[in-house]
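Survey of secondary and tertiary structure
Listed below are the residues making up each chain.
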Amino acid sequence: MIRVALASLVLLAACTQAPQTYRDLDQIGRNYQNQQADAPANAEQATAQDTCGLARFRDLIGTPASAIDQSTLPPRTRVIAPDTMVTQDFSPSRLNIMTGTDGLVSSMRCF
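Criteria and thresholds
- Residues numbered from 1 in each chain as written.
- Predicted model: local features only at pLDDT ≥ 70, side-chain atom pairs only at ≥ 80, totals over all residues.
- Heavy atoms only, no water.
- Helix = DSSP H or I, 4+ residues; strand = E, 2+ residues; numbered from the N terminus.
- Buried < 20%, exposed > 50% of the residue type's maximum accessible area, 1.4 Å probe, protein only.
- Contact = heavy atoms within 4.5 Å.
- Areas by Shrake-Rupley, 256 points an atom, 1.4 Å probe, with all protein chains shown as cover.
- Polar contact = N/O pair within 3.5 Å; in protein donor to acceptor, adjacent residues only side chain to side chain.
- Disulfide = S-S within 2.5 Å.
- Pairing = 2+ DSSP bridges.
- Axes fitted to C-alpha atoms, helices over the stretch in contact; angles between N-to-C directions.
- Salt bridge = Lys/Arg side-chain N within 4 Å of Asp/Glu carboxyl O.

A few words on the overall build of the protein. The helix and strand tally for the protein stands at 3 helices and 3 strands. Helices and strands appear in the protein in the N-to-C order α-α-α-β-β-β. Looking at the protein residue by residue over its 111 residues, the buried ones come to 24%. Taking the intrachain contacts of the protein between residues at least 6 apart in sequence as the baseline, contacts between residues at least 24 apart amount to 45%. For the protein, the computed accessible surface area is about 8,300 Å², with 58% contributed by carbon and sulfur atoms.

Following this line, the structure appears as structure tokens:
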């Protein structure tokens, strides 16, 4: 029983990572800042960079929103009619499909 416990402790010790140094943490911080600098800051930038994959769905423009097969859209996609209330949080990976008062898809944006 003691041998099993000792063997378990040896194996557990082999799995632990060395503690991070300040240099490691500084590098992690720089990497995060670089990622944030590259990320779009608003819907116009996100749409221009196509962060939500809207290019694949451009053929929906002009079609009735009721005819869209929602299962083919990315997760979290919103279909927004003129009077639809939506949250104002910015999510560059979210596809937003806007419709006109006639029910046809008029535009798409990433936000």
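Among the secondary structure elements, T77 is positioned in the loop between helix 3 (43-49) and strand 1 (78-80). At 2.7 Å, the side chain of T77 and the backbone oxygen of P74 are in polar contact. Excluding residues that lie within four positions of it along the chain, T77 makes contacts with L95 and I97.

With that settled, the discussion passes to the state of the cysteines. Per the stated rule, a full pass over the model turns up 1 disulfide. A disulfide bridge connects C52 with C110, and the sulfur atoms are separated by 2.0 Å. Classification of the bridge connecting C52 and C110 rests on its S-S torsion, roughly -65°, and on that basis the disulfide is left-handed. One end of the pair, C52, is in the loop between helix 3 and strand 1; the other, C110, is in strand 3 (residues 105-110), and 58 residues separate them in sequence. Across the pair, exposure class does not vary: C52 and C110 are buried alike.

Our next topic: the sheet that holds strand 1. The 3 strands are arranged 1-2-3 in an open sheet whose pairing can be described as mixed. Each of the sheet's edge strands pairs with one partner strand only, and the pair in question is strand 1 and strand 3. Across the sheet, the mean angle separating the axes of adjacent strands is 25° when strand polarity is ignored. In the sheet, strand 2 (residues 95-99) pairs with strand 3 via 5 bridges, with the strands oriented antiparallel. In the strand pairing of strand 3, N96 is matched with R109.

Looking now at the pattern of salt bridges. The tally for this structure, following the rule as stated, stands at 2 salt bridges. When the shortest N-O distance is used, the salt bridge between R109 and E44 registers 2.7 Å. Linking R109 in strand 3 with E44 in helix 3, this pair joins segments that are 65 residues apart in sequence. A relative accessible area of 29% places R109 in the partly exposed class.

Glycine aside, negative phi is the norm for most residues, and most peptide bonds take the trans geometry. One non-glycine residue, D50, lies in positive phi territory at about 55°. Residue placement: D50 occurs in the loop between helix 3 and strand 1. The backbone phi angle of R76 is positive, close to 70°, even though this residue is not glycine. Position of R76 among the secondary structure elements: in the loop between helix 3 and strand 1. The class for R76 is partly exposed, based on a relative accessible area of 48%.

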